Amino acid sequence: MPKQGNTATEPRKLDLGPPGWACFEAQGLGRLWIAWVAEGLVVIRLDGERPEPAYLQRWLPDGVDPDALFEAPLPGIVRETLTRYFDGEDVDPATLPVRITGTRFQRKAWSALRDVTRGHVRTYAGLAKDIRAPRSMRAIGMAMGANPLPIVVPCHRVVGAGYELGGYSGGLERKRVLLELEGVKIQDGHVLPGQLDLPVT
């Protein structure tokens, strides 16, 4: 049965090749727009649309011009992992390589989030505790909202106190689809008891 988890997984260290972008048809979720550099994925858009250059520049490494991103075949390991994931196989997109920037706090929060494995969930309070900032639940929520790599940095696995689904920048229906794909049971907007040990407050 899915439960709260915090087991680290080692992201794959691969060269994804020259910077580029591609679209991917995610079964049950629709079209994703995905950009990458050699070190890893940099942006995933759930609406399937290419972001504005200013948004891309925020997340691209220094020296990479957003206008230099050209459409290319999705790197094989990314395509294979996402295809198997959305087909319901027991694979975890959080193991894919990422090249993610952001504030020190955001990077800590996102790194801890990538340790929450498929089929598991974590509360905002639990994630704050993981990064040794137990009073930072609001900041954790803001970091989740700013996440440029949904699914791969799996902010859909963060739920509110009281077993509530909480928010999701991609919309609660997408969050529900992703969690249920991973085996998490949901009823009336709540994760069913037995899957999550809520922290004592």
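Reading the values: the criteria
Residues numbered from 1 in each chain as written. Predicted model: local features only at pLDDT ≥ 70, side-chain atom pairs only at ≥ 80, totals over all residues. Heavy atoms only, no water. Helix = DSSP H or I, 4+ residues; strand = E, 2+ residues; numbered from the N terminus. Buried < 20%, exposed > 50% of the residue type's maximum accessible area, 1.4 Å probe, protein only. Contact = heavy atoms within 4.5 Å. Areas by Shrake-Rupley, 256 points an atom, 1.4 Å probe, with all protein chains shown as cover. Phe/Tyr/Trp six-rings, centres within 6.5 Å; stacked < 30°, edge-to-face > 60°. Lys NZ or Arg CZ within 6 Å of the ring centre and 35° of its normal. Pairing = 2+ DSSP bridges. Axes fitted to C-alpha atoms, helices over the stretch in contact; angles between N-to-C directions. Parallel < 35°, antiparallel > 145°, perpendicular 65-115°, else oblique. Nonpolar A, V, L, I, M, F, W, Y, C, P; charged D, E, K, R; others polar. pLDDT = per-residue confidence, 0-100. Arc of directions from axis to C-beta.

Enquirer: Residue-level account of the overall build of the chain, with values.
Expert: When you go through the chain residue by residue, the secondary structure sums to 6 helices and 8 strands. When the helices and strands of the chain are read in sequence order from the N terminus, they spell out β-β-β-α-β-α-α-β-α-α-β-α-β-β. Counting only residues that meet the buried cut, the chain has 48% of its 201 residues in that class. When contacts within the chain are restricted to residue pairs at least 6 apart in sequence, those whose partners lie at least 24 apart make up 60%. Within the structure as shown, the chain displays about 9,900 Å² of accessible surface, and the carbon and sulfur contribution to it stands at 51%.

Enquirer: Quick rundown of the side chain of His-156? Include the residues and the values.
Expert: Secondary-structure assignment places His-156 in the loop between helix H5 (137-146) and strand S6 (158-159). On the basis of relative accessibility, which here comes to 0%, the residue His-156 falls in the buried class. Among all residues touching His-156, those that are not within four sequence positions of it are Tyr-85, Ile-151, Tyr-168, Lys-175, Leu-178, Leu-179 and Glu-182.

Enquirer: An account of the packing of aromatic side chains is needed here, citing residue identities and associated values.
Expert: Going through the model one piece at a time under the given rule, you end up with 5 aromatic pairs. On the numbers, 6.2 Å between centres and 40 degrees between planes, the contact of Phe-24 with Phe-86 is tilted. Of this pair, Phe-24 sits in strand S1 (residues 20-26) while Phe-86 sits in helix H2 (residues 76-86); the two residues are 62 residues apart in sequence, bridging distant segments of the chain. One exposure class covers both Phe-24 and Phe-86, and it is buried. Their ring planes at 80 degrees and their centres at 5.0 Å tell us that Tyr-85 and Phe-86 sit as a pair that is edge-to-face. As far as burial versus exposure is concerned, Tyr-85 and Phe-86 are alike and both buried. An aromatic cluster is built from Phe-24, Tyr-85 and Phe-86, whose rings are joined through pairwise contacts. The cationic tip of Arg-45 hangs over the ring face of Tyr-55; the distance from NZ or CZ to the ring centre is 5.4 Å.

Enquirer: Requested: an account of the sheet that holds strand S4 (residues 70-71), with residues and values cited.
Expert: If you walk across this open sheet you meet the 4 strands as S3-S2-S1-S4, and the pairing is mixed. Of all the strands in the sheet, just strand S3 (40-45) and S4 have a single pairing partner and so form its edges. Relative to strand S2 (residues 30-37), S1 runs antiparallel, the two being bridged by 7 bridges. Its bridge partner being in S2, Trp-21 is matched across the sheet by Ala-35. Relative to the sheet, H2 contacts S1, S2 and S3, its axis offset from that of S1 by approximately 15 degrees.

Enquirer: Mind laying out the pairing of S2, listing which residues take part and the relevant values?
Expert: Buried residues dominate S2, accounting for 6 of its 8 residues. Once S1 ends, the chain turns through 3 residues before running back antiparallel as S2, passing Gly-28 with a positive phi of about 85 degrees. Pairing geometry for S2 and S3, over 5 bridges, is antiparallel. For Trp-36, the partnering residue across the bridge sits in S3 and is Leu-41. Count of turn residues in the S2/S3 antiparallel hairpin: 2 residues.

Enquirer: Account for the packing of helix H3 (residues 104-113) against H5, with residues named and values stated.
Expert: With their axes 10 Å apart at the nearest point, H3 and H5 run at an angle of 80 degrees to one another. With respect to H5, the element H3 is oriented roughly perpendicular. Contacts between H3 and H5 involve Phe-105, Gln-106, Ala-109, Trp-110 and Leu-113 from the first element and Ala-139, Ile-140, Ala-143, Met-144 and Ala-146 from the second. Taken together, the residues of the contact of H3 with H5 break down into 9 nonpolar, 1 polar and no charged.

Enquirer: An account of the confidence of the model for the chain is needed here, citing residue identities and associated values.
Expert: Confidence in the prediction of the chain, expressed as mean pLDDT, is 88, and 89% of residues score 70 or more. A low-confidence stretch, residues 1-12 (pLDDT under 50), is modelled with 39 contacts involving residues beyond four sequence positions or located in other chains. A low-confidence stretch, residues 196-201 (pLDDT under 50), is modelled with 14 contacts involving residues beyond four sequence positions or located in other chains.

Enquirer: A description of H5 should follow, citing residues and the corresponding values.
Expert: Working note: α-helix, 3.6 residues per turn, so residues spaced by three or four point in the same direction. Listed in full, the buried residues belonging to H5 are Ile-140, Ala-143, Met-144 and Ala-146. The buried residues of H5 occupy an angular sector of 165 degrees when projected down its axis, which confines them to one face. When the buried face of H5 is taken as reference, the exposed residues oriented beyond 90 degrees from it are Arg-138 and Met-142. Turning to H5, the residues buried within the fold contact helix H1 (53-59), H3, helix H4 (124-130) and S6.

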